[in-house]
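This is what each chain is made of:
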Amino acid sequence: MNVKAFLLALFLPCTAMAQGFAGLGTDADGFTVPEPNPQFDFPADHGAHPDYRIEWWYLTANLTAEDGTPYGLQWTLFRSALAPEAGDGWTAPQLWMGHAAVTTPDNHYVTERLARGGIGQAGVTADPFEAWIDDWVLQGDWDTLRMTASAPDFAYDMALTAQGPLIFHGDAGYSVKSAAGQASYYYSQPFFAIEGTLQLPEGDIAVTGNAWLDREWSSQPLADNQTGWDWFSLSFDDGHKMMGFRLQQTDGNNFTSATWISPDGDTTPYTDGALVATPLAMSDDDVPVRWRVELPAQGVDVTVAAINENAWMTTSVPYWEGPVTVTGSHAGIGYLEMTGYE
Amino acid sequence: MTWATLQALLSHWWRNPLQLFTLLAGLALATALWSGVQAVNAEARASYDAAAATLGEGQYDRLVRRDGQPMAQAIYVDLRRAGWLVSPIVQGRLDGVRIIGVDPLTAPSGIGPVAPAEGTDIAAFLTGDGQFFGTAETAAALPDLNVIITPETAPNTALTDIGVAQRVFAKSGQIDSLIVLPGQPKGRADLATLAPDLILQPAQGGSDIGRLTDSFHLNLTAFGLLSFAVGIFIVNGAIGLAFEQRRPVVRTLRALGLPLRQLVILMGAELMLFALIAGLIGVALGYVIAAVLLPDVAATLRGLYGADVSGTLQLRPVWWLSGLAIALGGTAIAAGGALYQMAKMPLLAAAQPRALAMAAGRRARVQGIAAAVLLGLSAIMMVTANGLIGGFTLLASLLIGAALALPLILDRILAGSSKAAKSVTAQWFWADTRQQLPGLSLALMALLLAMSANVGVSTMVSSFRLTFTDFLDQRLASELYIRTENEAQSAALIAFAKDRTDIVLPIQNVDTQVAGQPTEVFGARDHATYRDNWVFLEQSVDPWDTTFGGETVLINEQLSRRAGLNVGDEVTLQGTPFAIAGVYGDYGNPIGQAVIGEGVFATLYPDITPRNFGLRMDPASVPDFVADLEAATGIPATQSVNQASIKAISLGIFERTFTVTTALNVLTLAVAGFAILMSLLTLATMRVPQLAPAWAMGMTRAQIGRLELLRAVMLALLTAVVALPLGLALAWALLAVVNVAAFGWELPMYFFPMDYARLGLFALLAAALAALWPARRLARTPPADLLKVFSNER
């Protein structure tokens, strides 16, 4: 779950952001709105839903080189609709944005792509599944996927293999985002094994690890009083996984949500208040890069720390996204995303 | 005390309003010329900046189709999907306005409405709502379109979304060109495999429009600077005179106990106040000059270089502040010497013409030495100077040295004439002229600078024009140019044209490297078109014979200079060595060029087939030929270019450049004439004591008046004689040093004796006009005033 994408979804109309944002949380302008008890239809739902305002295919991976150095990797494709229709040609109201990043202990490489939807430069097809923008692709049958991205200073080419089932967040994939009831459709494939090569200025590096792919779409994601987001995807050494997010509110309170995932893919959803995330230390530019994360219902009390504190995504709308280590009641690795701090 | 002193000092001006007028008018005119020229330059530059920001013109590499036709949109998508970061452009003209369609999502930052004005609805822009962005002028030119006024857009240009542009120009699914973004990703596929029809046009860097227009601006700036120098001489003269005349006041004030320091400060403050007033007037006048010149300048630049310059003027702080600064600075320079002199000169030194002349005599030595040093320096610089700074140092030392030397030269000439004179009247005339020289010398220096600036700049501009028209003749020699789409069209064209034209000249070239420099190599067919029209800067005995014979190569000046190649040197093409038989001028071309014979070109580059043809024929038959060609072969008229008409248009527009130059010429001469008038008027009152004895000895006042007029004309003539070689040296420095340093090519220098003669006549006329009134005043001096000289012994 990447709520900053709700902000980013409005990436283009930077000047229109204020009005767009204000209008977004409350009414849907003819866009379809997520309803409880969703019935997913695969592979169709892996594809695009142009009648919803925003959508993304969001992959993060924790990687390790042969020498043991940890790396983080991100591949994201966002869709943002100006009107609830697919359309054709330059005037099609679907806009696409790609973000790719590689994080090393010392460096953070970022790049961004933008494209119009109606001319074939970017898009997502469900069967066969392919998500692309320019030369970046994420394609395959969801049991195996190939993923590439390139930038002037880095590139990668990775192979993914699913080692578990899809999991659904919230109430069977209906994920509530505020006390007022804003919600999205949200499912993940957190069980990908990943391997491939990172081409970095330091040289080519062969890496292996695991990857977490999020799928989410909605038309009314945030409440008026919500300003930012802290999102955790943690993989523990005992095979359990946990997704948790904390929405920051203007009144100083938070709205939290979590999903506990067993090694074989069984999920336990937790509603507001079950998860507690507390910042422990700030980076030089005032971003909390150490957290205490607690989910008492599962005996979780861990410290989450950034591998590279300077993992800013210097994209159209900046945010922080990078790999983390987990210590405490459970040891492991994971990814952290923070918005609302810029 | 301060107030009383100021009153005493200022009272001088109330009693000599003419001097005050001279001071203010001189400074205002100088500032006006300077700031007028600067305004024109600043306006034009601001337009280019906007154009560059709007379009990235020249900043980025571009991909276009080899044949210049639009490409399919699918090619754009294919390239993006292969990793090429390119952004599509669709453009065209609508009611004379250039419309540019961009895709804001992929365009490089800084292009397109990336920072749209308040209230811009980007969503509407992207979904084909038909919004355009342009200046108010552009909006007025496109009344039917929804133009959002954006002042930072380039003049005469409207930006819109690419989808809208495709619709407006009926180019659905087509793209004119692709901007190649800097910083391409790793591992993208090769262009030749992806899109073999496309060629990469390298970013034009500083070499295209910028370079040529810079040349034009440099001319204008040089002119502005020279005009200002003329003005400063006038100011210097007026201030110097005022100080001399106020010496009694100064003496009295000092005697009353006013400290020197306070006096100097007060006089300085007084002058700065004048400078400020004159500067403001000057900037306002400059605005008027610029406003009058700008439409012409805009037309000139648009016609010459294809650069769109806004035809309206905005009051830019940069230039009116710089105008004020230069007025204040110029006054400070002009007054510094006078203030210093006042502080140093003995209090009791007399302040009348003879004393002036004697003081001048003492100064003459210093001035002579300074002039000799500066002229010596410029002589050395003429041989050694090679950079822009060197070029301007040369210009400055030449001008100042010559100006300082002028009074000495005139003095020597007058002394010589005096000795040679037989009659008493003649002897008195020469001696009297010599005595007047110090008082007039500043005005004469101003005239010298004005004339030499005119000679220099006219020579440069006219040489530029001549070179350029020759160049057009050379390059656009064929009456008709036709581009073909394929081999079949080429064959059809050749067959059809065989009996109806004098000759068909294939134009074929290949982009390659010669001596490490990017170069276009052309294969030329042996014909008089080349032999008769091409002008060489350097050549062997018969360059065309050996080149058409396949033994030698001809190269352009750019390649020659950059690679250090000259006639006789060897270059290698495809492993074959060729001796260089000639170097030709190739103005405005950013890259190297080489010409070899058609036969050897076909051997070296067998894959290149000509797609462009020059056809020589009777110019009158061109329209019929084009119509018949279409009927017979299907080659449409859109593929042919009637160069004769293009040439006529560009030459016509070129003429307008010179209206600007002429206007500036007239203005500087007017300023110099004004200086002479003021100097003579000031001197006239002081000259009565000198003239009275001549009158007493029997010369009529009318005779004296005629001699006064003659004197002015004669001095102007002598100055003109000195100004001519100085102006030519100036032109040479501009063409051979400054232009080479700035643009990498030398303009050949031509001489225009008729222009110089006309200019000399103007100068004499200006001097005569300036002397007319003072002479009349002298001729009408009441005899009583002349008599008084003898009764009131000074």
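Coordinates for the structure precede this section.
Right, let's walk through the structure included here. No experiment lies behind these values; they were computed from the predicted model shown. (Residues numbered from 1 in each chain as written. Chains lettered and ligands numbered in written order. Predicted model: local features only at pLDDT ≥ 70, side-chain atom pairs only at ≥ 80, totals over all residues. Heavy atoms only, no water.)

1. Some details on the overall build of chain A
Using the following cut-off: We count a stretch as a helix when DSSP gives it H or I for four or more residues in a row; a strand needs E for two or more, and each element gets its number in order from the N terminus. Partly exposed describes any residue whose relative accessible area lies between the buried limit of under 20% and the exposed limit of over 50%, with all areas from a 1.4 Å probe on protein chains only and scaled to the type maximum. Residue contacts are defined here by distance: any two heavy atoms, one from each residue, within 4.5 Å place the two residues in contact. Each accessible area value is a Shrake-Rupley result obtained with a 1.4 Å probe; residue values ignore everything except the protein chains displayed when judging cover.
Looking only at helices and strands, chain A has 2 helices and 23 strands in total. Out of the 342 residues belonging to chain A, those deemed buried represent 59%. Excluding contacts between residues fewer than 6 apart, the proportion of contacts in chain A whose partners are at least 24 apart in sequence is 57%. Of the roughly 11600 Å² of accessible surface on chain A, a fraction of 48% belongs to carbon and sulfur atoms.

2. Examining the interface of chain A and chain B
We count it as follows: When two parts are put together, the accessible area they lose, computed with a 1.4 Å probe and summed over both, is reported as buried area. For this document, the term salt bridge refers to a Lys or Arg side-chain nitrogen within 4 Å of an Asp or Glu carboxyl oxygen. Throughout this description, a polar contact denotes any pair of N or O atoms lying within 3.5 Å of each other; where both atoms belong to protein, one of them has to be capable of donating a hydrogen while the other can accept it, and for residues adjacent in sequence the pair is counted only when both atoms sit in side chains. Each residue gets one label: Ala, Val, Leu, Ile, Met, Phe, Trp, Tyr, Cys and Pro are nonpolar, Asp, Glu, Lys and Arg are charged, and the others, such as Gly, are polar.
Taken residue by residue, the interface counts 28 residues in chain A and 28 residues in chain B. Buried area between chain A and chain B, both sides added, is near 2200 Å², and the carbon and sulfur share of it is 61%. For chain A, the biggest contributors to the area lost against chain B are Trp-90, Arg-116 and Pro-152 of chain A; these three give 29% of the whole. One can count 4 salt bridges joining chain A with chain B. Arg-81 of chain B serves as the salt-bridge partner of Glu-130 of chain A, at 3.2 Å between the closest nitrogen and oxygen. Where chain A meets chain B, there are 9 residue pairs in polar contact (both at pLDDT 80 or more). Contributing elements (two or more residues each) for the side of chain A that touches chain B: strand E4 (108-116), strand E6 (129-133) and strand E12 (183-200) of chain A. For the side of chain A that touches chain B, the leading source of residues is E4 of chain A, giving 4 residues. Tallied by class, residues from the side of chain A that touches chain B come to 16 nonpolar, 6 polar and 6 charged.

3. Concerning the pattern of salt bridges
Residues and elements named next belong to chain A. This model, assessed by the stated rule, comprises 25 salt bridges over all chains. Put simply, Arg-146 and Asp-157 hold a salt bridge, and the shortest N to O gap is 2.8 Å. Placement of the pair is Arg-146 in strand E8 (residues 144-150) and Asp-157 in strand E9 (residues 155-162), with a sequence separation of 11 residues. Judged by relative accessible area, Asp-157 falls into the partly exposed class, the value being 35%.

4. Section: helix H3 (residues 73-81) of chain B
Residue and element names in this part refer to chain B. The condition is simple: Here the arc refers to the directions that run from the helix axis out to each C-beta atom.
The set of residues buried in H3 consists of Gln-73, Tyr-76, Val-77, Leu-79 and Arg-80. End-on view of H3: buried residues confined to an arc of 160°, all on one side of the axis. Gly-83 occupies a position one or two residues after H3 and carries a positive phi of about 100°.

5. Some thoughts on unusual backbone geometry
Residues and elements named next belong to chain A. Between Phe-42 and the following residue, Pro-43, the backbone shows a cis peptide bond with an omega angle of 5°. Considering the arrangement of structural elements, one finds Pro-43 in the loop between helix H2 (17-24) and strand E1 (54-65). Here the bond from Asp-127 into Pro-128 is cis, since omega is 0°, no more than 30 degrees from zero. The phi torsion at Asp-134 lies on the positive side, around 50°, for a residue other than glycine. Here Asp-134 lies in the loop between E6 and strand E7 (136-140). One non-glycine residue, Trp-142, lies in the positive phi region at around 75°.

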